[in-house]
Amino acid sequence: MKFNCQKEDLLYAVQAVVRAVSTKNTLPILEGIMICAKANKLSFRATDLEMAMECLVDADVLEEGTVVISGRYFYDLVKHLPFGNVYFEKTGEQLTIEYDQSHISVHCLDPDEFPALPQMEEDISGEIPIPIFRRIVRQSSIAAATDEVRPIFSGIYTQFGDNQITMVTTDTHRLALCKGGWKGKAAQTYILPTHTMQEIARLAINEEESVIVTLSKNQVFFAIGNIIVVTRVINGQYPDYKQVLPTENLFVSQCVVNRQRLIEALERAALLPRDAIRGKSNVVKLAWQKDLLTLSADVPDVGRIKEEIPISFQGKEIVSNYNAKYLLDALRVMDSENVVMRLTGDNTPGIIVPDAAYETLADAPYTYLVLPMRVRV
Amino acid sequence: MQSNRVILHSDLNCFYASVEMMLNPELRGKAVAVCGSTKDRHGIVLAKSESAKKAGVKTGMVNWQAKLVCPNLITLPPQYDQYLKYSKLVRDIYLRYTNQVEPYGMDECWLDVSGGQTTGLELAEEIRKTVREELGMTVSIGVSFNKIFAKLGSDLKKPDAVTVIDQSNFKETVWRLPVSELLYAGRATVKKLKSYRVDTIGDIVKAGPDFMQRHFGKNGVQLWVFAKGSDTSQVMPEDFQTPVKSIGHGITCISDLQNNTEVWKVILELSQDIGHKLRVNGLLARGVQLSVKDNTLGYRQYQAQIEIATQSPMELAKKAYFLFESNYSWRLPIRALTVRAINLVSRTRPQQLSIFDDLAQRERREHLEETIDIIRSRFGKRSIYPAILMGDLKMPSNTVLLHELVMPGVL
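Residues numbered from 1 in each chain as written. Chains lettered and ligands numbered in written order. Predicted model: local features only at pLDDT ≥ 70, side-chain atom pairs only at ≥ 80, totals over all residues. Heavy atoms only, no water.

### Comments concerning the domain arrangement of chain B
All names here are of chain B. Put simply, the rule reads: Annotation comment: domain bounds sourced from an automatic or database domain assignment. Every residue pair with non-hydrogen atoms within 4.5 Å of one another is taken to be in contact. The term buried area refers to how much accessible surface (probe radius 1.4 Å) is lost by two components on association, counted for both of them together.
Under the domain assignment used here, chain B contains domain 1 (1-167), domain 2 (175-235) and domain 3 (247-410). When each unit is reduced to the centre of its C-alpha atoms, the spacing between domain 1 and domain 2 is 25 Å. Residue-level contacts link 19 residues of domain 1 with 15 residues of domain 2. Roughly 1400 Å² is buried in total at the junction of domain 1 and domain 2, and carbon and sulfur atoms are behind 64% of that figure.

Rendered as structure tokens:
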């Protein structure tokens, strides 16, 4: 195997696929990046068996072949190479890398051990404009469970509907529901690993482009430019999220509040140190009344804080305790200047939606449901 | 200030047997043993008198073995209420000298008597005489400058004696003793120490902290600190309560449990008491631990987290049973079960509600269980209980809860 490649192209490809290189040290071969040189194209591949990435770049291939080298090392090396042409040649188990008047020789791994990447057999299912894709992944991923106790909750439940994608996450304490348009037809639903979706969103930089989606039975392919990401699907039955969302008649009050003002107040309230005995979560008491939202936190032997925020309010006065982090997570990923908080009671779910024009709650592009904390005396 | 502390460790000699002799003077001087009931399969020697000890009766012996080594042995059933009463009377004597009286089980106490006019030895002698004169029981007392050596001293001369271990003599007195004499050096640790040729307490000192850290971890270093006489742990004041870390309840069954239904009943029964104790202490459990002993005394322990902290006997029992069902293979029938509520948190700690849990329903159930608890406290434990617990549970009748051994507040 022999080829010439530009450092910039190398870096672009390696930077993309290195995120799929396994860090778990289970199979040594998964710590490698595979490079296939064929028909003046180089394909870079990596997989941790959860996701697989492939990136194609142009090159001047003199002799076709395949090589696998340590991903982490190769990424660091490419970053440090001088700009310009780099020549690669594989002889036996050695890969020689030549640049300027210098050369490096490294040992490579056995390409036959590298797992084959899933092949795309289905037709393209549709495409999602990148700004929409980035928004729904960012807004949904916050409520996914970070532990693996119940794998389904660590994923994003994704419904590909007629011209609309719905993403739902929950860690049993809160639930995020996001909607966005796509060019595609209704298909089955999937639970996709949150981490992989975040990686794809990270690669999707060009706001003018779209993410091309190909749905297969046990995996989903996402193509962004010359990068393809294949993700495993989490198996399991996702709970019916529609059952969880309160029906219109259950809401007893609602307010409109400035998002940034609320974020700042919550951040200050959450700063009071907590201890293990009383629980580490940052409990903040929220009291809604006419024209005023009062936030307070009281940690015995430490201190207390009270903030008042003007709001426009209708309905019954409510006093609830919330974990400040759960409220902040949602407020921080929203875009609108004001948000609407709708409440069903003191110890029952509250929801946060953007303050924008839409007919009914079901049409909101983003709905965040959060349960209060129960405080007993 | 640490080096001139004066700490006594007072140990009531043959406590259960002594109380029995107090109550029935005819037993004095005879070979007496307090034993569990053979019928309930608790048939082992719990305590013995001085003469039974001389005849070779050991604590933990099965009743018939004890009869074999000492044919004229008089065996008596335990009377825990009496023991508790006398334990308190002895403690009242100690409290005349200091309020820093830390009990260790029913028959042992540490006393911090630092800073007094009289010496530790004089005080110990006075206490020894007072206990004998007022209650007719004997104590052996260790006098030293830390709790560990005081405890060790009380074991050296028995009965009715005082041993002083001070800065001038502890090297000769303590260091030649086997490591097993040291508090916290359990059977496993002693065995492991022996394999490294660490036989005496002095050997631990010589081995040094690095060696102990390497082979025994943090607790090893602690042993080294104890061995060289640098223990600084305090004698807790009389009203000190060690924070509750777990609440458990276990039972050895009258006959072996043979199937899941029998196990479920016992687990549910044990959980009733745990729920009650959690409620009394204002605690919620975030986990459950189940220990299972089969009829060959093989021992297994399982544990699981509970998502929403609870004090409900039913929830605890269900989790414990789930652990049992998903782990136990029924190769052998079961002799003993222990359910333990673990990862305890205060009831008043704010708790995140869950989307998939119905709070209204939970509150109704809590209210119901609270009511059941109130009914029981007024009309007795058996005034209201789950119907499945009617009939034979293979559990010993009238089990008296053993006074749980409270470990001193050092570790």
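### As for the packing of helix H3 (residues 130-141) of chain A against helix H4 (residues 194-203) of chain A
All names here are of chain A. How we decide: The axes are straight lines fitted to the C-alpha atoms, using for helices just the contacting stretch, and the angles between their N-to-C directions are given from 0 to 180°. Comment: elements are numbered from the N terminus, with helices defined as DSSP H or I runs of at least four residues and strands as E runs of at least two. By definition, any crossing whose near helix is turned counterclockwise from its far helix by less than a right angle is left-handed, and any crossing with a clockwise turn is right-handed. Here the nonpolar group is Ala, Val, Leu, Ile, Met, Phe, Trp, Tyr, Cys and Pro; Asp, Glu, Lys and Arg are the charged ones; every other residue, Gly included, is treated as polar.
At a minimum axis separation of 10 Å, H3 and H4 run at an interaxial angle of 145 degrees. The two elements H3 and H4 cross, and the hand of that crossing is left-handed. Mapping the contact onto sequence places Phe133, Arg134, Val137 and Ser141 in H3 and Thr194, Met197, Gln198, Ile200, Ala201 and Arg202 in H4. Tallied by class, residues from the contact of H3 with H4 come to five nonpolar, three polar and two charged.

### A word on empty space enclosed by the protein
Take a probe with the size of a water molecule and roll it over the atoms, and the empty space left behind shows itself. Where we set the bar: Whether a set of points on the 1 Å grid over the protein atoms alone is a cavity depends on a 1.4 Å probe fitting there but being unable to get out, while an open set qualifies as a pocket with protein on both sides within 12 Å along at least five of seven lines; lining residues are those with an atom within 4 Å of a point. Grid points are joined across faces, edges and corners, and a volume is the space filled by probe spheres set on the points.
Counted under the stated rule, the structure contains four cavities of 30 Å³ or more. Taken as a whole, the largest cavity holds about 110 Å³ of empty space. Breaking the lining of the largest cavity down by element, the ones donating at least two residues are strand E11 (299-310) and helix H12 (359-379) of chain B. Top contributing element to the lining of the largest cavity by residue count: H12(B), with five residues. Its residues placed into classes, the lining of the largest cavity shows two nonpolar, three polar and eight charged. What the second largest cavity holds in volume is close to 60 Å³. Forming the boundary of the second largest cavity are A:Arg374, B:Ile308, B:Gln351, B:Gln352, B:Leu353, B:Ser354, B:Asp357, B:Leu359 and B:Arg362. Sorting the residues of the lining of the second largest cavity by element identifies strand E13 (351-352) and H12 of chain B as the ones contributing at least two each.

### Here's the deal with the pairing of strand E13 (residues 174-181) of chain A
Residue and element names in this part refer to chain A. Note the threshold: Only protein chains enter the area calculation, which uses a 1.4 Å probe; residues under 20% of their type maximum are buried, those over 50% are exposed, and those in between are partly exposed. When DSSP finds two or more bridges between two strands, those strands count as paired.
Counting buried residues in E13 gives seven out of eight residues, a clear majority hidden from the surface. In terms of strand pairing, strand E12 (residues 164-170) meets E13 through seven bridges, oriented antiparallel. Residue pairing for E13: Thr169 is matched across the bridge by Ala176. Note that E13 and strand E27 (residues 366-370) share five bridges and pair antiparallel. Directly across from Arg174, in E27, lies its bridge partner Val370.

### Describing a negative patch on the surface
Spelled out, the test is: Residues qualify for a patch when their relative accessible area is over 30% and they have no salt bridge, like charges being joined within 9 Å and the nonpolar side chains of Val, Leu, Ile, Met, Phe, Trp and Tyr within 5 Å. Surface accessibility follows the Shrake-Rupley procedure with a 1.4 Å probe radius. Residue values consider only the protein chains on display as shielding. The salt bridge criterion pairs a side-chain nitrogen of Lys or Arg with a carboxyl oxygen of Asp or Glu, the two atoms within 4 Å. Working convention for charge: Lys and Arg count positive, Asp and Glu count negative, and His plus the chain ends are omitted. A charged residue contributes its charge at one atom only: NZ of Lys, CZ of Arg, CG of Asp or CD of Glu.
A contiguous patch of negative charge on the surface is contributed by A:Glu93, A:Asp110, A:Asp112 and A:Glu113. Tracing the backbone shows A:Glu113 in the loop between strand E9 (102-107) and strand E10 (126-129).

### Some points on the interface of chain B and chain A
To be explicit about the condition: For the purposes of these results, a polar contact is taken to be a pair of N or O atoms within 3.5 Å, where, inside protein, one atom must be able to donate a hydrogen and its partner to accept one; residues adjacent in sequence count only when each atom of the pair is a side-chain atom.
Across the boundary between the two partners, chain B contributes 16 residues, which contact 26 residues of chain A. Both faces considered, chain B and chain A share a buried interface measuring about 1900 Å² in area, 54% of it formed by carbon and sulfur atoms. Across the contact surface, chain B and chain A share four salt bridges. One salt bridge in this structure joins B:Glu363 and A:Arg374, with 3.8 Å as the shortest N-O distance. Taken together, the connections running from chain B to chain A amount to eight residue pairs in polar contact (both at pLDDT 80 or more). Those elements that place two or more of their residues in the side of chain B that touches chain A are E13 and H12 of chain B. Take the side of chain B that touches chain A: its biggest share by element is four residues, from H12(B). Pairing analysis gives two bridges linking strand E28 (residues 373-374) of chain A to E13(B), with the strands arranged antiparallel. What sits directly across from A:Arg374, in E13(B), is B:Gln351.

### Comments concerning the packing of aromatic side chains
Using the following cut-off: Centres within 6.5 Å are what make two rings of Phe, Tyr or Trp a pair, Trp counting through its six-membered ring; a difference in plane orientation under 30 degrees is then read as stacked, over 60 as edge-to-face, and the rest as tilted. In our convention, an over-ring charge means Lys NZ or Arg CZ found within 6 Å of a ring centre and within 35 degrees of that ring's normal.
Applying the stated criterion across every chain, the model contains 27 aromatic pairs over all chains. Their ring planes at 20 degrees and their centres at 4.7 Å tell us that A:Phe3 and A:Phe88 sit as a pair that is stacked. With A:Phe3 in strand E1 (residues 2-6) and A:Phe88 in strand E7 (residues 85-91), the pair connects residues that are 85 residues apart, well separated along the chain. Here the aromatic rings of A:Phe160 and A:Tyr190 are separated by 6.0 Å at their centres, their planes lie at 80 degrees, and the arrangement is edge-to-face. Highlighted residues: A:Phe160 in strand E11 (residues 155-160) and A:Tyr190 in strand E15 (residues 189-193), separated in sequence by 30 residues. When sorted by exposure, A:Phe160 lands in the same class as A:Tyr190, which is buried. An aromatic cluster of three or more residues is present, and its members are A:Phe153, A:Tyr157, A:Tyr238, A:Tyr241 and B:Phe356. It is A:Arg342 that lies over the ring of A:Phe251; its NZ or CZ is 4.3 Å from the centre.

### Some thoughts on the domain arrangement of chain A
All names here are of chain A. Taken domain by domain, chain A comprises domain 1 (2-113), domain 2 (126-242) and domain 3 (246-370). The interface of domain 1 with domain 2 comprises twelve residues on the first partner and 13 residues on the second. Approximately 1100 Å² of surface area, both sides summed, lies buried where domain 1 meets domain 2, with 48% of it carried by carbon and sulfur atoms. Linking domain 1 with domain 2 are two salt bridges, by the criterion used here. The closest approach of N and O atoms between Glu50 and Arg232, which form a salt bridge, is 3.1 Å. Inspection of the region where domain 1 meets domain 2 yields six residue pairs in polar contact (both at pLDDT 80 or more). With six residues, strand E4 (residues 51-58) is the largest single contributor of residues to the side of domain 1 that touches domain 2.

### Considering the pattern of salt bridges
Residue and element names in this part refer to chain A. Using the criterion set out here, one finds 44 salt bridges over all chains in the structure. Of the charged contacts in the structure, one is a salt bridge between Lys79 and Asp76, with a shortest N-O distance of 3.7 Å. Of the two residues, Lys79 and Asp76 both sit in helix H2 (residues 71-80), three residues apart, roughly one turn of that helix. Overall, Asp76 belongs to the partly exposed group, its relative accessible area being 30%. Among the ionic contacts, a cluster of salt bridges with common partners joins Asp171, Arg174, Lys325 and Asp329.

### Focus on the layout of surface pockets
Residues and elements named next belong to chain B. Here the second largest pocket defines a volume of roughly 1100 Å³. No other element matches E11, which puts five residues into the lining of the second largest pocket. Across the lining of the second largest pocket, the residue classes tally to 13 nonpolar, 15 polar and ten charged.

### Notes on the sheet that holds strand E9 (residues 247-257) of chain B
Residues and elements named next belong to chain B. Pairing within the open sheet is antiparallel, and its four strands lie in the order E9-E12-E10-E11. Pairing within the sheet leaves two strands with one partner each, and these edge strands are E9 and E11. Shown here is a sheet whose adjacent strand axes are inclined to one another by a mean of 15 degrees, direction ignored. Across the sheet, helix H11 (residues 313-327) touches strand E10 (283-294), E11 and strand E12 (334-346), and the angle it forms with E11 is around 140 degrees.

### A look at helix H9 (residues 201-227) of chain B
All names here are of chain B. Note the threshold: Expected helix span is computed as 1.5 Å times (number of residues minus one). Bend is the name given here to the angle between axes fitted to two runs of seven residues, the run ending at a residue and the run starting at it.
Compared with the 39 Å implied by 1.5 Å per residue over 27 residues, the 6 Å span of H9 between its first and last C-alpha is markedly short. For H9, the principal kink sits at Phe216 and spans about 145 degrees. Gly229 occupies a position one or two residues after H9 and carries a positive phi of about 85 degrees.

### A closer look at the packing of helix H1 (residues 15-23) of chain B against helix H4 (residues 80-94) of chain B
Residues and elements named next belong to chain B. Put simply, the rule reads: If an angle is under 35 degrees, it is roughly parallel; if it is over 145, roughly antiparallel; if it lies from 65 to 115, roughly perpendicular; otherwise it is oblique.
Packing of H1 against H4 leaves a shortest axis separation of 10 Å and a crossing angle of 95 degrees. Considering the angle they form, H1 stands roughly perpendicular to H4. Together, Phe15, Tyr16, Val19, Glu20, Met22 and Leu23 of H1 and Tyr80, Gln82, Tyr83, Tyr86 and Ser87 of H4 make up the contact between the two elements.

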